[in-house]
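Structural characterization, general
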Amino acid sequence: MTTRMARAFDPRRAGPGDELAELTGWVWDAEPRSVPAAPAARPLGPVALTILGLGGLAAVALVAGFLAFVAALDRSERVPQGRADGIVALTGGAQRIGDAIDLLAGGYGRRLLITGVNERTSRDEIARLNPTQRHWIDCCVDLDYRARNTIGNAIETRRWMRHNRFSTVAVVTSNYHMPRTLIELDHALQGGDRIVPHPVIAEGFDGADWWHSPSATKLLASEYLKFLVAWVRTRFETDPESSRVAILIGRGKPVKAPVRMVAEPLLRDLR
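The following refers to the structure shown. Keep in mind that what you see is a predicted model, and the values were worked out from it rather than measured. (Residues numbered from 1 in each chain as written. Predicted model: local features only at pLDDT ≥ 70, side-chain atom pairs only at ≥ 80, totals over all residues. Heavy atoms only, no water.)

Strands sit in the order β5-β4-β3-β6-β7 across an open sheet of five strands; the sheet is parallel. The sheet is open, and its two edges are formed by β5 (141-144) and β7 (194-200), each paired on a single side. Looking at each pair of strands side by side, their axes are set apart by 20° on average, direction ignored. Both strand β4 (residues 111-115) and β5 contribute to a ladder of four bridges, which runs parallel. Bridged to Leu113 within β5 is Asp142. Sheet strands touched by helix α6 (residues 150-164): β3 (86-90), β4, β5 and β6 (168-174). Its angle to β4, the strand with the most contacts, is close to 155°. (Pairing = 2+ DSSP bridges. Helix = DSSP H or I, 4+ residues; strand = E, 2+ residues; numbered from the N terminus. Axes fitted to C-alpha atoms, helices over the stretch in contact; angles between N-to-C directions. Contact = heavy atoms within 4.5 Å.)

Relative orientation of the contacting elements α6 and helix α7 (residues 178-189) amounts to 45°, with a least axis distance of 9 Å. With respect to each other, α6 and α7 are oriented oblique. The handedness of the crossing between α6 and α7 is right-handed. Counting all contacts with α6, which are made through Thr150, Ile151, Ala154, Thr157, Arg158, Met161 and Arg162, the residues of α7 involved are Arg180, Thr181, Glu184, Leu185, Ala188 and Leu189. Considering only residue class, the contact of α6 with α7 consists of six nonpolar, three polar and four charged. (Parallel < 35°, antiparallel > 145°, perpendicular 65-115°, else oblique. Left-handed = near helix turned anticlockwise from the far one by under 90°. Nonpolar A, V, L, I, M, F, W, Y, C, P; charged D, E, K, R; others polar.)

What follows is the structure, given as structure tokens:
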């Protein structure tokens with residue numbers, strides 16, 4: 001890098017093009033000037049290197065866990081292995097409800113609990129969406145309006161099972177939601193009951209080609225993080241109904257009402 005400096009005009013050193021300098025009495029010279037080198041970066045200390053190393057390992061473990069989570073998801077629906085006392089369907093898609101009613105009609109359970117129903121959704125509305133299953137909806141389907149998340153679904157399922165004295169339950173929910181559902185149910189039931197998973201494959205969701213779909217990638221990543229949180233939380237709490245974390249996530253403590261209030265009254269009993 002060079003800089004131009006002014007000096008007094010000397011006619012003895014004048015050259016071509018110095019007419020303006022002769023008039024003003026000054027001439028500009030280009031003189032080299034050295035630029036100081038940038039200070040060398042300080043090497044990272046052992047503490048910083050350790051933190052970076054642990055952060056890198058954590059990132060690798062997180063990505064590897066996510067890939068394993070996706071790879072373990074069911075790619076196709078299958079008939080439950082064996083029958084259960086009851087069937088539980090978690091709301092979140094009309095296909096889940098339809099599949100659960102089909103299982104009930106097929107004799108895979110004696111009663112069906114649909115948990116997490118919107119307060120504006122009635123039994124008649126469900127029957128309208130499943131007109132060929134009206135008989136089963138009237139006789140053997142219970143509706144839970146209290147659960148607002150997966151923790152609440154597990155709590156209401158436990159109450160329903162205790163009320164009906166069921167020891168086995170078939171669980172119907174989306175395939176990507178099933179891992180977290182099983183963690184919450186197993187925690188709520190304390191491992192004393194048998195859970196039969198029945199994952200539903202949502203239409204338009206391709207778990208085998210998820211990386212080509214930003215929406216599917218976002219959905220799976222979100223569910224994976226929720227799964228990790230649920231896994232960690234259930235390692236440190238004894239009962240979801242008394243857990244402060246569960247209360248915070250559920251925005252309020254679960255209502256400890258009599259079990260008969262869990263489900264909407266049935267229209268008639270199965271004869």
